[in-house]
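The chain contents come next:
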2 protein chains.
Amino acid sequence: MTLSIEVEATHGPARATTITTARGTVTTPCFMPVGTRGTVRAVETEDLERLGAQIVLGNTYHLLFRPGPGTVERLGGIHGFADWSGHVLTDSGGYQVFSLSPKVDDDGVTFRSTYDGDEYRLTPEGAVAVQTALGADIQMVLDQCPPLPSPDPVVREAVERTALWAARARRAFVDLGADDRYQFGIVQGGVDAAMRVESAQRTTDIGFEGYGIGGLSVGEDRDAMLAALAATIAHLPEDRPRYLMGVGDPVGIVEAIALGVDLFDCVLPTRFGRHGTILSSEGRFNIKNRRFADDAGPLDPMCPCRVCQRYSRAYLRHLANVHEPTAARLSTLHNLAWTLRLTERAREAVRDGTLESVRTEMRALYD
Amino acid sequence: MTLSIEVEATHGPARATTITTARGTVTTPCFMPVGTRGTVRAVETEDLERLGAQIVLGNTYHLLFRPGPGTVERLGGIHGFADWSGHVLTDSGGYQVFSLSPKVDDDGVTFRSTYDGDEYRLTPEGAVAVQTALGADIQMVLDQCPPLPSPDPVVREAVERTALWAARARRAFVDLGADDRYQFGIVQGGVDAAMRVESAQRTTDIGFEGYGIGGLSVGEDRDAMLAALAATIAHLPEDRPRYLMGVGDPVGIVEAIALGVDLFDCVLPTRFGRHGTILSSEGRFNIKNRRFADDAGPLDPMCPCRVCQRYSRAYLRHLANVHEPTAARLSTLHNLAWTLRLTERAREAVRDGTLESVRTEMRALYD
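Parameters and conventions
- Residues numbered from 1 in each chain as written.
- Chains lettered and ligands numbered in written order.
- Predicted model: local features only at pLDDT ≥ 70, side-chain atom pairs only at ≥ 80, totals over all residues.
- Heavy atoms only, no water.
- Least-squares fit on C-alpha atoms with pLDDT ≥ 70 in both.
- Contact = heavy atoms within 4.5 Å.
- Buried area = accessible area lost by both parts, 1.4 Å probe.
- Salt bridge = Lys/Arg side-chain N within 4 Å of Asp/Glu carboxyl O.
- Polar contact = N/O pair within 3.5 Å; in protein donor to acceptor, adjacent residues only side chain to side chain.
- Helix = DSSP H or I, 4+ residues; strand = E, 2+ residues; numbered from the N terminus.
- Buried < 20%, exposed > 50% of the residue type's maximum accessible area, 1.4 Å probe, protein only.
- Pairing = 2+ DSSP bridges.
- Phe/Tyr/Trp six-rings, centres within 6.5 Å; stacked < 30°, edge-to-face > 60°.
- Axes fitted to C-alpha atoms, helices over the stretch in contact; angles between N-to-C directions.
- Parallel < 35°, antiparallel > 145°, perpendicular 65-115°, else oblique.
- Left-handed = near helix turned anticlockwise from the far one by under 90°.

Caption draft 1: Quick peek at the relation of the copies chain B and chain A. Superposition of chain B onto chain A requires a rotation of 180° combined with a translation of 0.0 Å along the rotation axis, giving an RMSD of 0.0 Å. One copy is carried onto the other by what is essentially a two-fold rotation axis. Residue P325 of chain B, judged by its C-alpha, is the member of chain B lying nearest the rotation axis, at 3.4 Å.

Caption draft 2: Region of interest: the interface of chain B and chain A. If you look at the interface, chain B gives 40 residues, while chain A gives 40 residues. A combined buried area of about 3400 Å² lies between chain B and chain A, and 46% of that area is made up of carbon and sulfur atoms. On the chain B side of the contact with chain A, E44, R310 and Y315 of chain B bury the most area, a combined 19% of that side's loss. Linking chain B with chain A are 16 salt bridges, by the criterion used here. For the pair chain B and chain A, the interface holds 30 residue pairs in polar contact (both at pLDDT 80 or more). Looking at the side of chain B that touches chain A element by element, the count peaks at five residues for helix α1 (residues 45-51) of chain B.

Caption draft 3: Up close: the pattern of salt bridges. Residues and elements named next belong to chain B. One pass over the full model with this rule turns up 72 salt bridges over all chains. Among the salt bridges present, the one from E8 reaches R347, with a minimum N-O distance of 2.7 Å. Of this pair, E8 sits in strand β1 (residues 4-11) while R347 sits in helix α14 (residues 325-352), placing them 339 residues apart in sequence. Residue E8 is classed as partly exposed on the basis of its relative accessible area of 29%. A residue is classified by how much of its surface remains accessible, and R347, at 13% relative accessible area, is buried. Here R15 and D262 are joined by a salt bridge, their closest N and O atoms 2.8 Å apart. Placement of the pair is R15 in strand β2 (residues 14-20) and D262 in the loop between α10 (250-258) and β15 (263-265), with a sequence separation of 247 residues. Residue class for R15 comes out buried when judged on its relative accessible area of 3%.

Caption draft 4: Spatial organisation of the sheet that holds strand β8 (residues 103-104) of chain A. All names here are of chain A. Judged by pairing direction, the sheet is antiparallel, and its three strands sit side by side in the order β8-β9-β10 without closing on themselves. Whereas interior strands pair on both sides, the edge strands pair on one side only; in this sheet they are β8 and β10 (119-122). Sheet topology note: the strand β9 (residues 109-112)/β10 ladder contains four bridges and is antiparallel. By the bridge assignment, V109 is partnered in β10 with L122.

Caption draft 5: Up close: the environment of G94 of chain B. All names here are of chain B. Along the chain, G94 turns up in helix α5 (residues 94-98). Expressed as a C-alpha distance, the spacing of G94 and P269, which sit 175 residues apart in the sequence, is 22 Å. Every residue in contact with G94, bar those within four places of it in the chain, is listed here: L122 and L142.

Caption draft 6: Representation of the packing of aromatic side chains in the model. All names here are of chain A. Under the definition given, this model contains 26 aromatic pairs over all chains. Between F98 and W165, the aromatic rings sit 6.4 Å apart at their centres with planes inclined by 35°, giving tilted as the arrangement. With F98 in helix α5 (residues 94-98) and W165 in helix α7 (residues 152-176), the pair connects residues that are 67 residues apart, well separated along the chain. An aromatic cluster of at least three residues, connected via ring pairs, comprises Y61, F65, F111, Y115 and Y120.

Caption draft 7: Representation of the packing of α10 of chain B against helix α15 (residues 355-366) of chain B in the model. All names here are of chain B. Orientation of α10 relative to α15, taken along the N-to-C sense of each, is 155°, at an axis distance of 9 Å. On the basis of their axis angle, the class for α10 and α15 is roughly antiparallel. Crossing angle aside, the handedness with which α10 passes α15 is left-handed. For the pair formed by α10 and α15, the contact residues are P250, V251, V254, E255, I257 and A258 on the first element and L355, V358, R359, M362, R363 and Y366 on the second.

In structure tokens form, the structure reads like this:
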């Protein structure tokens, strides 16, 4: 079946939608936890179900090497492998590959694996094949994502190559004839509005089930990011999901929602959790701090999550300070619950016309 | 209220009982997971509830330094600190301290902490005070536990000092006037039957709510251990629980149950789990092995635990091989479920008169 999106409420460019796929429905704005190696680090599938996560992101780069797409495919794709019945979105692997100083040409990219040191090649068609083996509901095209700041010619090259590769990836995907899988193109263009517009137009001209906005949150300041984001979204169709790649901090999420973004992914809540950094309605803090030694209160007094309902700051501080793996898990669960709840609050605020107060609150707490 | 024990069924010396305390009831034979630092490593309180654990052991030595007994006491003891409403049994800290080459005299033991390198002193009365602050339902006396083999004079000294300290610990405990807490004495004596008998008599002469059998599984072979255990149990009262300290391998558990042991603790199932070593009805194996790469079956086809109902060997192998903390947690959960179920099976077998077949099965699988 075709991916469809019903826009249920808007508030300026911001929107609350329901996306329907062959897998089921997803309400947006939606934060997607990052399940790097077949699970979200430090938590298990049951935890994600209890959190109400709707989409989990899988990292193609990591699964390509361990356990390999063949194994994942034989075991039923990521869904069967991890026994996850929600949506799976996979990246193309390109983001990790481009961080390894690869050799890039118009055909694809050659890199040395961090797993075995051997040379590998990733092409737009290859990224489609791997993501198909992984069983993703939503695949991302292979793109070229330069860091910021980058000289204009570098950003230009990324826009050109991303468009070239997107057309090839789309052909490879269409050739699969899968009517229960979907593919998102990616818009590049750095923080240059004109290049963003051009990249958006070229990507939408090819035509995908949804659009990723890539190449942001890679070194630029937030105002520049939001300006580039606004320029991009103005040239994306309203009847397709918009996914801001790699953004998951509280202010970034609400500001991007205000500009019309539907989907987010980021390792921030989970990575923070593993290091004891807690997201809360009182701002961000590290649970290892001595001031929590005798604190019988929850991580966040406003948070309805299971961790906050049950365990004290003092207990979680102790577990973190003696390096109990349970500390990483419980802090990760809280941070994910907190971030998922933030997108739910934003969804309600779009419906109620109160998004501005959520933005003000997040800026006050986290800026 | 007084601790009471109802012997519901016997099969030779083996018994199935229900222990009743101010906290509630415990059915035996019972395996107690080791909650070293305020949680069982890699799992959380909710996991222990779902496993049906009845008693969790807390390590006094570790909690003494992190977070300290004062903090635990202010937060409601281990029960309040970890939000655990089952039974808590604490060791005296002596076992860890004696592994640090301490200076021992008749009054107590002086050692350098592995946490801060400073010198500390532990006495029989001090161990009672710390365990009281930790809020244990059942305290263990400070004893002297020599490794095996040890020369006779070393074992003799341990028997003498353990008896001397037990009397002091009992006085300190009785002085508390707590009618909802209990204290177990500990029998030493190495593998010498006569010394075991003497230690058992001297310990029971003092009189405790239950008896630990210490100084076993510390280097001797299993036959010698079981002979010493049998000699000890013959001189312990039938109306008190018997706790074999530090034994938790499948054969050790069933053989000791056959001799009349009620309670067990051991880090084996949890430590094994963290290293990928799996207890199963097919024997012991390491899940990281290449042969499980595509194995869609559960860890143990006979195991009803949540992990076996949900995740495949291939998935758990992958998580272990990429060092996901979730691998340690899920393997630990399975091993604990498996060990708890073994004691439940033994309990049923005592009632049914079929304990011999469980012993035969475990010896065939694990010897």
